[in-house]
Amino acid sequence: MPREPIHVSCRLESLSVLSPDGQVDQDLEPEIGSADLLRLYRTMLLSRRLDERCLMLQRQGRMGTYGPTKGQEAASLGPAYVLRPDDWLVPAFREAAGLFWRGWPLQAWMFVWGGSEAGNIVPDGVNDLPLCVPIASQCQYGMGIAWGCKLRGQGQVCLTFCGDGATSEGDFHEALNFAGVYNLPLIMLVQNNGWAISQPRHRQTASQTIAQKAVAYGFDGLQVDGNDILAMIVATREAAEKARTGGGPTLIEAVTYRMMMHTTADDPKKYRKEEEVKAWEPRDPLLRFRTYLDRKKVLSPEAEKVIDEEVAAELDAAVRSYESHRTEPTEFLEHMYAEMTPDLIAQQAELKAYLAGKHTPAPQPDLAAV
């Protein structure tokens, strides 16, 4: 038998709409009204300012370990903007801007990183899941929700986020394989920020792109400038429209950059060079979008001043709400099931007794007699 090339029907493309200096490709520019453009800018700015505030709270001992989102705001906000209210969003843990667009309160983000289960309470009427820190496990949840959307037949889609490190986990590949086989309305969005904690992207995979992994599972892949909110909107809108009409899943690789540490528990200076970070600063999604709005004469100095003041006031109120909230150390046991099992009730009672100083230590073995 002769050797012959194998032709696959899957599409693999790259997409960028807005250049780092704010120049737009008018043929690809999405139609977005001025009110929405301003709201998008406000949400992105709110996410950035909250990120800065949480970092300060953590350094002051007023919050637990924190995972910054600086530089990745467009990668979650653009896709969230496209979704219908009845669509589903399954986050990892750097999707603050997208969640705020969907109606999550700021203090919920603080509760999560402050160790309170209150941060996992999804707002009424919002089809989202709580943050998911275990790497790639949310990929399976998103795939399952997408399967449910298909069975219901109401045109809903499920947008699921993960990072480039998640693509090294089995859950990611199992989710994509199932989505491809059953032609599910799933948008798997990989925030490729260059680093999985201290592991660079080239140590995660030998593939030229992450987007091309979709081809192995029988559907389209798209690599997008993840710091370009317009490109993220265009890409997700296309993927959602395709999924709603039975066209199946799409894998979107959002090429972005983690401007800060993985979390406040690590020091990025030990594994990456400052020159690399500096090279990405001109591609800041917030500055790029602001330049675009300025060129369109949408963001006036007066409007910007009002937005800055509103964001500052909203942040102050959220901090007050967060710091006035009392978190019980035993409350996490109450949220394992709809109703606590006898074992969980016993464990909670034991933990409460221990915290109250009434715990009797278990007898220790006599090592001398062994």
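Since the structure is predicted, the reported quantities are computational estimates derived from the model, not experimental observations. Residues take numbers from 1 onward in each chain, read along the sequence in its written order. With pLDDT at 70 or above as the cut-off, local features in this predicted model cover only qualifying residues; side-chain atom pairs require 80 or more to be listed or tallied, and sums for whole chains, interfaces and linings still use all residues. Heavy atoms from the whole structure form the basis of all side-chain values; hydrogens and water molecules are not counted.

1. Examining the packing of helix α1 (residues 34–59) against helix α2 (residues 73–82)
Put simply, the test is: In this analysis an axis means a line fitted to C-alpha atoms, helices contributing only their contacting stretch, and an angle means the value between N-to-C directions, from 0 to 180 degrees. Under the scheme used here, helices are H or I runs from DSSP no shorter than 4 residues and strands are E runs no shorter than 2 residues, and both carry numbers assigned from the N terminus. Here is the rule for angles: anything less than 35 degrees is roughly parallel, anything more than 145 is roughly antiparallel, 65 through 115 is roughly perpendicular, and the remaining ranges are oblique. Handedness of a crossing is defined here by the sense of rotation of the near helix relative to the far one, left-handed for an anticlockwise turn of less than a right angle and right-handed for a clockwise turn. Here, two residues are considered to be in contact whenever any of their heavy atoms come within 4.5 Å of each other. Throughout this entry, Asp, Glu, Lys and Arg are counted as charged residues, while Ala, Val, Leu, Ile, Met, Phe, Trp, Tyr, Cys and Pro are counted as nonpolar. The remaining residues, Gly among them, count as polar.
Look at α1 against α2: their axes get within 10 Å of each other, and the N-to-C directions meet at 140°. With respect to α2, the element α1 is oriented oblique. The crossing of α1 and α2 is right-handed. Across the interface between the two elements, D36, L40, T43, M44, S47 and R48 from α1 touch E73, A74, L77 and Y81 from α2. Looking at side-chain class alone, the contact of α1 with α2 contains five nonpolar, two polar and three charged residues.

2. Considering the sheet that holds strand β3 (residues 158–163)
Inclusion rule: Strand pairing requires that DSSP identify at least two bridges connecting the strands.
Within the open sheet, the six strands sit side by side as β1-β7-β8-β4-β3-β2. Their pairing is parallel. Looking along the sheet, the strands with just one partner apiece sit at the ends: β1 (12–15) and β2 (88–90). Averaged over neighbouring strand pairs, the angle between their axes works out to 20° when direction is ignored. Of the strand pairs in this sheet, β1 and strand β7 (residues 220–225) are connected by four bridges, and their pairing is parallel. By the bridge assignment, L15 is partnered in β7 with V224. Against the sheet, helix α5 (residues 137–152) engages β2, β3 and β4 (186–192), with an angle of about 170° to β3.

3. A look at the side chain of T330
Worth spelling out the cut-off: Burial classes: relative accessible area under 20% of the type maximum marks a residue as buried, over 50% as exposed, and values in between as partly exposed (1.4 Å probe, protein chains only).
Structurally, T330 can be placed in the loop between α11 (301–324) and α12 (342–355). We classify T330 as buried; its relative accessible area is 5%. Discounting residues that sit within four places of it in the chain, T330 has contacts with Q348, L351, K352 and L355.

4. Some remarks on a nonpolar patch on the surface
For clarity, the threshold we go by: Residues enter patches when they are more than 30% accessible in relative terms and free of salt bridges; like-charged ones are connected within 9 Å and nonpolar ones (Val, Leu, Ile, Met, Phe, Trp, Tyr) within 5 Å. What sets the accessible areas is the Shrake-Rupley method with a 1.4 Å probe; for residues, cover comes only from the shown protein chains. By convention in these notes, a salt bridge is any Lys or Arg side-chain nitrogen within 4 Å of a carboxyl oxygen on Asp or Glu.
Where nonpolar side chains cluster on the molecular surface, the patch consists of F332, M336 and Y337 and spans about 330 Å² of accessible area. Since its relative accessible area comes to 46%, M336 is described here as partly exposed.

5. So, the domain arrangement of the protein
Our working rule: In this entry, domain limits derive from an automatic or database-based domain assignment.
Assigned domains within the protein: domain 1 (12–323) and domain 2 (331–369). Its C-alpha centre places domain 1 at a distance of 38 Å from the equivalent point of domain 2.

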